[in-house]
Amino acid sequence: MPALLPAVEHETAASPRYSVIWLHGLGADGHDFAPVVPELVAADWPALRFVFPHAPVQPVTVNGGMPMRAWYDIVAFDLLARQDEAGIRASCAAVEALIARENERGVPDERIVLAGFSQGGAIALSAGLRHARRLAGIVALSTYLPLADTLEAERSAANADVPIFQAHGTFDPVVVPSRGSDSRDLLRRLGYRVDWHAYPMAHAVCGEEIADLRTWLGQRFT
């Protein structure tokens, strides 16, 4: 098991019963989405622990090899570019370690939501769909499904019907909308329950999206 990634944590009340592990996008860090918590959390939810890990610092090819926080390297933004499989799998292993820590702190897998934005959402999908035990749900914002060719062989039966909230901006210039919708279509062909949302925005989040996510998460926290 890899060493635990450092993380920003926020508990909504004592003795959390559920956990949300939320992965940031390329070049950001665990502080990026922490301010969303007050806007997202409903008053009647059970006690939650939000875990916002920091990705490792590594060179990123598309940014001229500049070191930054990244879940994996990106060689090019086109669909045919070679994927950093080793980096993706290493980050999935790091997520497994974070899930195991939540187990040790009294939160079982079925009360853990994996969430992520952009590159972080790609890891949330990759790790969650391969995770051996049932999760509460997966949130994939402004992202796509990497290592799609191996998913059918590697996916976990325990998460074959895990709820998935997937959202994308219709004007996204970074992860173009077709990458999101193509991933949605592939997941649905494999039988996954994808709750798809599109918003008139770029590579970002918006208030309507947070409100929709609050409704969806509320159905998981029962």
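Residues numbered from 1 in each chain as written. Predicted model: local features only at pLDDT ≥ 70, side-chain atom pairs only at ≥ 80, totals over all residues. Heavy atoms only, no water.

Could you clarify how one ought to interpret the overall build of the protein in this entry?
Regarding its fold elements, the protein presents 6 helices and 9 strands. Taking 2.2 N^0.38 as the reference for a compact globule, 222 residues should give roughly 17 Å; the C-alpha atoms of the protein span a radius of gyration of 16 Å, in line with that estimate. Per-residue burial over the protein gives 52% buried out of 222 residues. In the protein, the share of contacts with a sequence separation of at least 24, taken over all contacts with a separation of at least 6, comes to 73%. Working note: accessible area of the protein is about 9300 Å², and carbon and sulfur atoms make up 54% of it. Looking at charge distribution, the protein has the averaged site of its 19 positive side-chain charges lying 5 Å from that of its 26 negative ones. (Helix = DSSP H or I, 4+ residues; strand = E, 2+ residues; numbered from the N terminus. Rg over C-alpha atoms; globule rule 2.2 N^0.38 Å. Buried < 20%, exposed > 50% of the residue type's maximum accessible area, 1.4 Å probe, protein only. Contact = heavy atoms within 4.5 Å. Areas by Shrake-Rupley, 256 points an atom, 1.4 Å probe, with all protein chains shown as cover. Lys, Arg positive; Asp, Glu negative; His and termini not counted. Charge placed at Lys NZ, Arg CZ, Asp CG, Glu CD.)

Even after reading the chapter, I still don't get the packing of helix H2 (residues 85–104) against helix H3 (residues 119–130), so can you show me in this structure?
Think of two packed helices as two axes; the pair is described by the angle between the axes and how far apart they sit. Here H2 crosses H3 at 65°, and the two axes come no closer than 9 Å. For the crossing formed where H2 meets H3, the hand is right-handed. Across from Ile88, Arg89, Ser91, Cys92, Val95 and Glu96 in H2, the residues of H3 making contact are Ile123, Ser126, Ala127 and Arg130. Of the residues assigned to the contact of H2 with H3, the class counts are 5 nonpolar, 2 polar and 3 charged. (Axes fitted to C-alpha atoms, helices over the stretch in contact; angles between N-to-C directions. Left-handed = near helix turned anticlockwise from the far one by under 90°. Nonpolar A, V, L, I, M, F, W, Y, C, P; charged D, E, K, R; others polar.)

So what exactly am I meant to see when it comes to the pattern of salt bridges here?
Think of it this way: side chains of opposite charge can pair up when their charged atoms draw near. All told, the structure shown has 11 salt bridges when counted by the stated rule. In this structure, glutamate 9 engages arginine 101 in a salt bridge whose closest nitrogen and oxygen atoms are separated by 3.0 Å. Residue glutamate 9 is found in strand S1 (residues 7–11), and its partner arginine 101 is found in helix H2; the two are separated by 92 residues along the sequence. Bridged by salt links that share partners, the residues Glu9, Glu11, Arg49, Arg101, Glu102 and Arg105 form one connected network. (Salt bridge = Lys/Arg side-chain N within 4 Å of Asp/Glu carboxyl O.)

What's the story with the pairing of strand S3 (residues 48–53) in this structure? I'm lost.
As a general feature of sheets, a regular strand has side chains that alternate between the two faces. Of all the 6 residues making up S3, 6 are buried; the element is thus mostly covered by neighbouring parts of the structure. Examined bridge by bridge, S1 and S3 share 5 bridges and lie antiparallel to one another. Looking across to S3, one finds that glutamate 11 is bridged to arginine 49. Note that strand S2 (residues 18–23) and S3 share 4 bridges and pair parallel. In the sheet register, isoleucine 21 faces S3, and the bridge partner there is valine 51. (Pairing = 2+ DSSP bridges.)

So what exactly am I meant to see when it comes to the nonpolar core here?
Nonpolar side chains in soluble globular proteins tend to be buried together. Core analysis: the biggest nonpolar cluster contains 37 residues, and Leu129, Ile164 and Leu187 have the highest contact counts within it. For this core, the secondary structure elements donating two or more residues are S2, H2, strand S6 (112–117), H3 and strand S7 (137–141). Non-local contacts of leucine 129, meaning those with residues more than four positions away in its chain, are made with Ile138, Leu145, Leu151, Arg155, Ser156, Val162, Ile164, Leu187 and Tyr192. Core analysis: the second largest hydrophobic core is formed by 28 residues, Trp22, Trp45, Phe50 and Val139 among them. (Core = buried A, V, L, I, M, F, W, Y, C linked by side-chain atoms within 4.5 Å.)

What should I look at first to understand the pairing of S7 in this one?
S7 sits mainly inside the fold: 5 of its 5 residues count as buried. Where burial is concerned, the two faces of S7 agree: the one with Gly137, Val139 and Leu141 and the one with Ile138 and Ala140 are both buried. This β-α-β element, S6 to H3 to S7, shows right-handed connectivity. Pairing of S7 with strand S8 (residues 163–169) involves 4 bridges; the strand directions are parallel. In the sheet register, valine 139 faces S8, and the bridge partner there is phenylalanine 165. Tracing the backbone out of S7, into helix H4 (residues 148–154) and back to the parallel element S8 gives a crossover that is right-handed. (Right-handed = clockwise from strand over helix to strand, strands pointing away.)

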